[in-house]
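Fold and contact review
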Amino acid sequence: MKNHLVAKILNDVSYALEILDVEFKPRAYARAARSVENLSKPIEDIYAEGGKKALDNIPGVGESIANKIEEIIKTRSLKYRNKLIRKIGFDFTELMNIEGLGPKMIKKLHEELGVKSLADLDKAAKEGRIRSLEGFGEKTEKKIMDNVEFARVKNKRVLLSTAFNEAQEVKKELIPFAEKVEVAGSIRRMKETIGDIDILAVAKRGKHEEIIKKFARLGKVVMEGETKIRIRLDSGLNCDLRIIELDSFGSALQYFTGSKDHSIELRKIAMKKGLKLSEYGLFKNDKKIAGRNEEEVYKKLGMQCVPPELRENIGEVELAQKNKIPELINYDVIKGDLQMHTKYSDGGNSVEEMVLKCKNLGYEYVGISDHAGNLKIANSMGAKEVSKQRKEIQNLNIKGIKVLQGAEVNILADGSLDVPDKLLKEFDFVIAAVHSKFNMARDEMTKRLIKAIKNPYVIILAHPTGRKVLRKESYDADWKEVFKAAKEHGVLLEINAHPERLDLPDSLINQAVKMNCALIINTDSHSVDNLEYMKFGIGQARRGGCTRKAVANALSFTKFLELLKK
DNA sequence: GCCGTTTTCGGCCCGACTGTTTTCAGTCG
Ligand SMILES: Nc1nc2c(ncn2[C@H]2C[C@H](O)[C@@H](COP(=O)(O)OP(=O)(O)OP(=O)(O)O)O2)c(=O)[nH]1
Ligand SMILES: [Mg+2]
Ligand SMILES: [Mg+2]
Ligand SMILES: [Zn+2]
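If you're wondering where the values come from, they're calculated on a predicted model, not measured in any experiment.

Reading the values: rules and limits
Residues numbered from 1 in each chain as written. Chains lettered and ligands numbered in written order. Predicted model: local features only at pLDDT ≥ 70, side-chain atom pairs only at ≥ 80, totals over all residues. Heavy atoms only, no water. Near = heavy atom within 4 Å. Polar contact = N/O pair within 3.5 Å; in protein donor to acceptor, adjacent residues only side chain to side chain. Helix = DSSP H or I, 4+ residues; strand = E, 2+ residues; numbered from the N terminus. Nonpolar A, V, L, I, M, F, W, Y, C, P; charged D, E, K, R; others polar. Domains from an automatic or database assignment. Pairing = 2+ DSSP bridges. Axes fitted to C-alpha atoms, helices over the stretch in contact; angles between N-to-C directions. Contact = heavy atoms within 4.5 Å. Donors = N, O, S within 2.8 Å, 3.2 Å for Na, K, Ca; no water. Buried < 20%, exposed > 50% of the residue type's maximum accessible area, 1.4 Å probe, protein only. Right-handed = clockwise from strand over helix to strand, strands pointing away. Buried area = accessible area lost by both parts, 1.4 Å probe. Salt bridge = Lys/Arg side-chain N within 4 Å of Asp/Glu carboxyl O. Core = buried A, V, L, I, M, F, W, Y, C linked by side-chain atoms within 4.5 Å. Phe/Tyr/Trp six-rings, centres within 6.5 Å; stacked < 30°, edge-to-face > 60°. Lys NZ or Arg CZ within 6 Å of the ring centre and 35° of its normal.

Surveying the vicinity of ligand 1 reveals 14 residues, the closest of which are Arg157, Ser186, Gly195, Asp196 and Asp198. Within the side chain of serine 186, a nitrogen or oxygen atom sits 2.5 Å from an oxygen atom of ligand 1. Aspartate 196 is positioned such that a nitrogen or oxygen atom in its side chain is 2.6 Å from an oxygen atom of ligand 1. Looking at the shell around ligand 1, the elements with two or more residues in it are helix 10 (185-188), helix 12 (249-257) and helix 13 (260-272). Looking at which element gives the most residues to the shell around ligand 1, the answer is helix 12, with 3 residues. Residue composition of the shell around ligand 1, grouped by class: 3 nonpolar, 5 polar and 6 charged. Domain assignment of the residues forming the shell around ligand 1 places at least three in each of domain 2 (158-244) and domain 3 (252-321).

Structure follows, in structure tokens:
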């Protein structure tokens, strides 16, 4: 996937143009770079399928940038970028990563001190030469030294679950001092990876200073002002706290939830209506006309309130203006979890423990789906264990929840399953998934998946793309064809809710939703704790525009059983 | 360079924090 490379190069261009004091173009390139970075579909696929016109459809990408993206896809580099770097006289791109060091400072450091690299910068700072520059001082010099060190060990983005759970911890600490406190930013949008934690709070009367003090003790203070404070947590994750008054809470939540480009879009709409939108509220001639809650802000802008998971400025604003935002699946409508592993294969808990936890989560039914077949790494079950597990399930004495016995079966390279039909027919449902031989030509992989879909025992195609968040890219396949086959043969496409998978990813969920495919959200749990991952899967479903009726495990048990008959 | 229910030309989000500024530019959210 070349998205990151394309975004990086466009961002280099933006920075270069800013160093060269060009107006507005830097913004255009930065905007396009963000758009590309946020695509979850590989940009080379978009280009292969729709050519330059498809690139032009990416928000913030026009004719000129589309041409440049084409060049990057074909050659992995961009002549225009290199030309700009030659014009500036040195490759500044490694200096871009230093926090607090922007294009203007980089330019000045180069012109006055000949700084061309991180090493030069470090040396200049240590020799005390930076403080002598006009506009720079001792503190700037110290900050540069600190951040050069930090840039080397720079914390990257983390999994949604990691940040989500840490954010809950921080939130809990703040509750005693807060009238209101809400996790915002990319976590509220349920993005699959997170850069930092953003928290918005209204302090209880007279507790403004206390809440800031409390927050400061939760980590190392990086920056502190009247209304904003940032700490670095022990985990290395940054956490921003913004304090606001109650009557601005809604507009502030809108601002702090973002995304940046979604907010800019809203602010432009406000401008066109002769209004002004900021975190403090929506204003008409300095008079506040909305701000206490988000719904009000969107309403006064003449649109539906957009669910946080859709706020990426990829068309949702227009939908909201036309009153066409879909009724997204809610977080509380899931009635069963159909992929989980127990000690029978590679899970850590017993069947009983898993079922009990599912009952506590309020589910009506649950499917145990240990690995079956020859897959050695996952300690797969053979026929004997399958029958033993079946009896154990039958003898479970847990009231109020129905338990199905399923199996997760490996799809072999030729698309056949790793378990003979004789055994497959013993299960209440069969999950098929690829766990080996990922490197396959697109056509072959498509055929392989479709053959598995056509197997009459298969009910669910699990983690369909095989990607691992931050670790492994999806294998290549013609997803449109795969989805078409799934629909035709009554196979449910899984939204794997495990935070390391989130597979299908949001953009493919959207594609499946548009094709009217049936989906199912499963946690793929390997322990009772993992069963809590369901919310992350629902979050991705919502990001993909998924409604309740498209999701099989939002159905009652009777309705769900009908699906299994197919 | 992008973009269009007032525009195909003429705009481009708005505000907090920092440092060294005596009035603001740079950087970031
Ligand atoms: N209006 C406006 N809002 C911004 C801007 N930059 C950031 N924000 C808002 C929207 C963001 O969601 C929110 C938090 O900023 P972050 O840098 O933490 O971004 P976000 O959480 O979206 O993504 P992340 O996963 O942290 O990289 O602040 C900006 O330039 N203008
Ligand atoms: Mg953030
Ligand atoms: Mg932030
Ligand atoms: Zn699996």
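Attention now goes to the sheet that holds strand 5 (residues 220-224). With respect to topology, 5 strands assemble into an open sheet ordered 2-4-7-6-5, the strand pairing being mixed. The open sheet terminates on both sides in strands that have one partner only, identified here as strand 2 (178-183) and strand 5. Neighbour to neighbour, the strand axes of the sheet diverge by 20° on average, direction disregarded. By the bridge criterion, 4 bridges tie strand 5 to strand 6 (residues 228-232) in an arrangement that is antiparallel. When the bridges of strand 6 are listed, glutamate 224 appears paired with isoleucine 229. Here helix 11 (residues 208-216) sits on the sheet and contacts strand 2, strand 4 (197-203), strand 5, strand 6 and strand 7 (238-243); the angle it forms with strand 7, its principal contact strand, is near 180°.

Around DNA strand B, a shell composed of 48 residues is seen, among which Arg27, Gly62, Gly137, Arg267 and Tyr280 lie nearest. Within the side chain of arginine 27, a nitrogen or oxygen atom sits 2.6 Å from a phosphate oxygen of DNA strand B. At 6 residues, helix 13 tops the list of elements feeding residues into the surface near DNA strand B. Grouping the amino acids of the surface near DNA strand B by side-chain chemistry returns 17 nonpolar, 11 polar and 20 charged.

What follows covers the coordination of the zinc ion (ligand 4). Bound to the zinc ion (ligand 4) on the protein side are Glu408 (OE), His435 (NE2) and His463 (NE2), at distances that span 1.9 to 2.3 Å. Mapping the donors of the zinc ion (ligand 4) onto the primary sequence yields the spacing E-x26-H-x27-H. Remark: histidine 435 occurs in the loop between strand 14 (429-433) and helix 19 (442-454) and glutamate 408 occurs in strand 13 (residues 402-410); sequence separation between them is 27 residues. A single burial state applies to glutamate 408 and to histidine 435, both of which are buried.

In this section: the pairing of strand 15 (residues 458-461). Looking at chain direction, strand 14 and strand 15 are connected through 3 bridges and run parallel. Residue pairing across strands places alanine 432 opposite leucine 461, the latter belonging to strand 15. Bridge count for strand 15 against strand 16 (residues 492-496) is 2 bridges, and the pairing is parallel. By the bridge assignment, leucine 461 is partnered in strand 16 with leucine 493. One crossover worth recording links strand 15 to the parallel strand 16 by way of helix 20 (residues 479-488), and it is right-handed.

Turning next to the domain arrangement of chain A. The domain architecture assigned to chain A consists of domain 1 (3-154), domain 2 (158-244), domain 3 (252-321) and domain 4 (336-565). Once you take the C-alpha centre of each, domain 1 and domain 3 turn out to be 29 Å apart. Each partner contributes residues to the interface: domain 1 has 4 residues there, and domain 3 has 5 residues. When domain 1 packs against domain 3, close to 360 Å² is buried across both sides, 32% of that on carbon and sulfur atoms. Looking only at domain 1, the three residues that lose the most surface to domain 3 are Arg31, Arg34 and Pro59, adding up to 85% of its buried area. For the pair domain 1 and domain 3, the interface holds 2 salt bridges. Between aspartate 261 and arginine 31 there is a salt bridge, with its nearest N and O atoms 3.4 Å apart. At the surface where domain 1 touches domain 3, the tally comes to 2 residue pairs in polar contact (both at pLDDT 80 or more). For the side of domain 1 that touches domain 3, the class distribution of residues is 1 nonpolar, 1 polar and 2 charged.

What follows is about the sheet that holds strand 14. An order of 11-12-13-14-15-16-17 is seen for the 7 strands of this open sheet, with the pairing classed as parallel. What marks the edges here is a single partner per strand, and that holds for strand 11 (336-337) and strand 17 (519-522). Where strand 11 and strand 12 (residues 365-372) come together, 2 bridges link them in parallel fashion. Across the sheet, residue glycine 336 finds its bridge partner in strand 12, namely tyrosine 365. Lying on the sheet, helix 17 (residues 383-395) is in contact with strand 12 and strand 13; it crosses strand 13 at an angle near 160°. Across the face of the sheet, helix 23 (residues 557-565) comes into contact with strand 12, strand 13, strand 14, strand 15, strand 16 and strand 17 while running at roughly 35° to strand 13.

Next up on the list: the nonpolar core. Judged by nonpolar contacts, the single largest core of 65 residues is most densely connected at Leu417, Leu449, Phe483, Leu493 and Ile521. Membership of the second largest hydrophobic core comes to 50 residues, among which are Leu10, Val36, Ile85 and Leu109.

Protein coordination at the magnesium ion (ligand 3): the donors are Asp196 (OD), Asp198 (OD) and Asp240 (OD), at 2.0 to 2.4 Å from the metal. Written as a sequence motif, the donor arrangement for the magnesium ion (ligand 3) is D-x1-D-x41-D. The class of aspartate 196 is buried, set by a relative accessible area of 18%.

It is worth spelling out the packing of aromatic side chains at this point. Counted according to the given criterion, the structure contains 10 aromatic pairs. With 6.3 Å between their ring centres and 15° between their planes, tyrosine 15 and phenylalanine 92 make a pair best called stacked. Residue tyrosine 15 is found in helix 1 (residues 3-19), and its partner phenylalanine 92 is found in the loop between helix 5 (79-88) and helix 6 (103-113); the two are separated by 77 residues along the sequence. Residue classification places tyrosine 15 among the buried positions, given a relative accessible area of 15%. Taking the centre distance of 5.4 Å and the plane angle of 45° together, the rings of tyrosine 365 and phenylalanine 557 count as tilted. Of this pair, tyrosine 365 sits in strand 12 while phenylalanine 557 sits in helix 23; the two residues are 192 residues apart in sequence, bridging distant segments of the chain. Pair check on accessibility: tyrosine 365 and phenylalanine 557 agree, each one buried. What links up through ring pairs into an aromatic cluster is the set Phe438, Tyr475, Trp479 and Phe483. Its end group placed over the ring of phenylalanine 283, lysine 276 keeps NZ or CZ at 5.7 Å from the ring centre. Positioned above the aromatic ring of phenylalanine 536, the side-chain terminus of lysine 535 is 5.2 Å from the ring centre.

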